[in-house]
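Listed below are the residues making up each chain.
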Amino acid sequence: MKKIYKDKILNIENTDLFDNKFLFDYLEVNNDKSEVEIIHLSDLLEGRKNLEILEKVNEKPAMYSNIYSPEDELDIFKTLFDDAIKNNKKIHIVWVTLNDEIKILEKYYTSLWFMREDINCFDPDFSIPLVTVSVKIENIIWKWSDYKAQRKKIFFNPPIRESWQVKAMFKWINRGVIAWIHISNYNEDVKIFLWDCIRNEKILSLTLAKVLNFNLDASWFNWIKKELIINY
């Protein structure tokens, strides 16, 4: 078994070198004891739920994506972002789903000199920015085209967005702008998804270690550390 660190992968002593297993640390953030205000977009979006569309999703399940519209989500995000910058307040926004949200962060992180031209990626110290974000793992496991087959299984808030939006989340994870992947239920779908990410290099193992643990490890969060073993 191999332990994945921020910048290296090491064999674990007294384990099988050829067992195709990675050991990751994963943080569960304690909302009540963190110095950063943790804001769940789902709570704020619930007040803007479109009940008229909800009546139609049995016939057209993909319409569920608009029950919590991208326009409403972006409007909420912009309000939170502007307020944090104006009032010098540290916040972490959980469950972003939109490329336009991350583009706002990209501009902000560029102004903080986090962009590294040599690797064409961001290398943030996430203890510095006033605004950081995470993506809920279900929002990158599934995509808009899955609504037809999965239906109620993937009726989340915030909802699964169009496929290009899901691809954008992968892009910004790999480019270093999304700080964390939020895993509330480590089930079989999550295990298979993480295995596929490593096997097909959708998210490199060192990058995955950062968004599961190291990006927030040194930030203003109170957390509980757990271990995840992923076969690859």
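This write-up is about the structure you can find in this document. (Residues numbered from 1 in each chain as written. Predicted model: local features only at pLDDT ≥ 70, side-chain atom pairs only at ≥ 80, totals over all residues. Heavy atoms only, no water.)

## Examining the nonpolar core
- Counting residues in each nonpolar core, the largest one holds 70 residues, and the members touching the most others are Phe-24, Ile-93, Leu-105, Ile-137, Ile-140, Ile-181 and Leu-208.
- Sequence-distant contacts of Ile-93, defined by excluding residues within four places in its chain, comprise Ile-39, Leu-41, Phe-77, Leu-80, Val-131, Thr-132, Val-133 and Ser-134. (Core = buried A, V, L, I, M, F, W, Y, C linked by side-chain atoms within 4.5 Å. Buried < 20%, exposed > 50% of the residue type's maximum accessible area, 1.4 Å probe, protein only. Contact = heavy atoms within 4.5 Å.)

## Structural notes on the sheet that holds strand E3 (residues 21-29)
- Judged by pairing direction, the sheet is mixed, and its four strands sit side by side in the order E2-E1-E3-E10 without closing on themselves. Every other strand in the sheet has two partners, leaving strand E2 (9-11) and strand E10 (223-231) as the edge strands with one partner each. Averaged over all pairs of adjacent strands, the angle between strand axes in this sheet comes to 30°, irrespective of strand direction.
- Of the strand pairs in this sheet, strand E1 (residues 2-4) and E3 are connected by two bridges, and their pairing is parallel. Bridge pairing links Lys-2 to Phe-22 in E3.
- Helix-sheet contacts for helix H8 (residues 188-199) involve E3 and E10, and the interaxial angle to E10 is about 65°.
- The sheet strands contacting helix H9 (residues 205-217) are E1, E2, E3 and E10, and the helix crosses E3 at an angle near 30°. (Pairing = 2+ DSSP bridges. Helix = DSSP H or I, 4+ residues; strand = E, 2+ residues; numbered from the N terminus. Axes fitted to C-alpha atoms, helices over the stretch in contact; angles between N-to-C directions.)

## Some words on the packing of aromatic side chains
- Following the criterion strictly, the structure yields twelve aromatic pairs and no others.
- Their ring planes at 10° and their centres at 6.1 Å tell us that Tyr-26 and Trp-180 sit as a pair that is stacked. Here Tyr-26 is found in strand E3, whereas its partner Trp-180 is found in strand E9 (residues 180-182), with 154 residues between them in sequence. Both residues of the pair, Tyr-26 and Trp-180, count as buried.
- The interplanar angle of 45° and the centroid separation of 6.2 Å between the aromatic rings of Tyr-147 and Phe-155 together place this pair among those described as tilted.
- Residue Tyr-147 is classed as buried on the basis of its relative accessible area, which comes to 0%.
- Given the relative accessible area of 21%, Phe-155 is considered partly exposed.
- Ring-pair connections join several aromatic residues into one group, and the members of that group are Phe-77, Phe-81, Tyr-108, Tyr-109, Phe-114 and Phe-126.
- Looking at Lys-8, its charged tip hangs above the ring of Tyr-5, at a distance of 5.7 Å from the centre. (Phe/Tyr/Trp six-rings, centres within 6.5 Å; stacked < 30°, edge-to-face > 60°. Lys NZ or Arg CZ within 6 Å of the ring centre and 35° of its normal.)

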